[in-house]
Amino acid sequence: MEEMVTVYLMGKEYSVPATLTIMDAMEYVGYKLVRGVGCRSGFCGACAVIYRIKGKNELKVCLSCQTKVEENMCVGRIESFPINKRTFNIEEIKADDNIVGQLYPEIYNCVGCNACTKSCPQGLKVLQYIAFAQRGKYEQAAHASFDCVSCNICASRCPAQISHSAVGLLCRRLTGKYIAPKCEHLEARVAEIENGDFDILLEKLKKMPLDEIKDLYNKREIEK
């Protein structure tokens, strides 16, 4: 027989298969998920939840699509972890004059506790890219934060209330706009796309097995 575990979802007790993720367990017991669910693969960052194990006081956070249920897991949902995202016009700011520090001065309140890095479901070195941003090393911060999915779990654990994902996004935008060399073939490729030159290839990709698509991606030619 399939191993079952007892979990508490939104305050109610259920018995669910131990092989399920938190998201799958919620659907298993009858919840219809219409918000806070997207890619189901840990890429969209929409399904963050907070939980603890019954009898223990430590609160933990995770993405429910990639975290398996545990015995006596008590799960609660938060629609989103709010951050203080600043408004700016990328055409009016420059990648100098400590612009990130001006827009997000709270990065200098970082106490180095590393709770942000420890909580990141993508395994990013969040504290490191915030340190790069503090020192004006925006290109390095951009690369270090590149895989961020903006779930904002790191912000929920930060005593300095830093908006890590927004800082990383700003560094990536500054890098793309002002620091990284311009792609020589970008305009030509956009014209090809608009002309429909890749329509047949896209239809072929839609029918291709996932493993073959991953192999194509990993072996792609990357412009220097």
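Calculation rules
Residues numbered from 1 in each chain as written. Predicted model: local features only at pLDDT ≥ 70, side-chain atom pairs only at ≥ 80, totals over all residues. Heavy atoms only, no water. Helix = DSSP H or I, 4+ residues; strand = E, 2+ residues; numbered from the N terminus. Buried < 20%, exposed > 50% of the residue type's maximum accessible area, 1.4 Å probe, protein only. Contact = heavy atoms within 4.5 Å. Areas by Shrake-Rupley, 256 points an atom, 1.4 Å probe, with all protein chains shown as cover. Lys, Arg positive; Asp, Glu negative; His and termini not counted. Charge placed at Lys NZ, Arg CZ, Asp CG, Glu CD. Phe/Tyr/Trp six-rings, centres within 6.5 Å; stacked < 30°, edge-to-face > 60°. Axes fitted to C-alpha atoms, helices over the stretch in contact; angles between N-to-C directions. Parallel < 35°, antiparallel > 145°, perpendicular 65-115°, else oblique. Left-handed = near helix turned anticlockwise from the far one by under 90°. Nonpolar A, V, L, I, M, F, W, Y, C, P; charged D, E, K, R; others polar. Salt bridge = Lys/Arg side-chain N within 4 Å of Asp/Glu carboxyl O. Pairing = 2+ DSSP bridges.

### Thoughts on the overall build of the chain
Of regular secondary structure, the chain possesses 10 helices and 5 strands. Each principal axis of the C-alpha distribution contributes one length, and for the chain these read about 60 × 50 × 25 Å. Counting across all 224 residues of the chain, residues that qualify as buried make up 36%. When contacts within the chain are restricted to residue pairs at least 6 apart in sequence, long-range pairs at least 24 apart make up 59% of them. About 14,400 Å² of surface is accessible on the chain, with carbon and sulfur atoms providing 51% of the total. Averaging the positions of the 30 positive and the 28 negative side-chain charges in the chain gives two centres separated by 6 Å.

### Some thoughts on the packing of aromatic side chains
All told, the structure shown has 1 aromatic pair when counted by the stated rule. Their ring planes at 75° and their centres at 6.4 Å tell us that Tyr14 and Tyr31 sit as a pair that is edge-to-face. With Tyr14 in strand E2 (residues 12-17) and Tyr31 in the loop between helix H1 (22-28) and strand E3 (48-53), this pair connects stretches of sequence that are 17 residues apart. For Tyr31, a relative accessible area of 27% puts it in the partly exposed group.

### Section: the packing of helix H4 (residues 126-134) against helix H7 (residues 164-179)
Where H4 meets H7, the axes come as close as 10 Å, and the angle between the chain directions of the two elements is 55°. By the angle between their directions, the pair H4 and H7 is classed as oblique. In terms of crossing hand, the pair formed by H4 and H7 is left-handed. Two secondary-structure elements touch here, H4 through Val126, Tyr129, Ile130 and Ala133 and H7 through His164, Ser165, Val167, Gly168 and Cys171. Of the residues contributing to the contact of H4 with H7, the split by class is 6 nonpolar, 3 polar and no charged.

### A closer look at the pattern of salt bridges
On inspection of all chains with the given rule, the structure shows 6 salt bridges. Glu203 serves as the salt-bridge partner of Lys206, at 3.2 Å between the closest nitrogen and oxygen. Note that Lys206 and Glu203 are positioned in helix H9 (residues 199-206) at a spacing of 3 residues, about one turn of the helix. For Lys206, a relative accessible area of 65% corresponds to the exposed category. When its relative accessible area of 40% is taken as the criterion, Glu203 is described as partly exposed.

### Let's talk about the sheet that holds E2
Strand order in the open sheet formed by 5 strands is E2-E1-E5-E3-E4, and the pairing between neighbours is mixed. The two strands at the open ends of the sheet, each matched to only one other strand, are E2 and strand E4 (60-63). Averaged over neighbouring strand pairs, the angle between their axes works out to 35° when direction is ignored. Of the pairings in the sheet, the one linking E3 to strand E5 (residues 73-77) comprises 5 bridges and is antiparallel in character. What sits directly across from Arg52, in E5, is Cys74.

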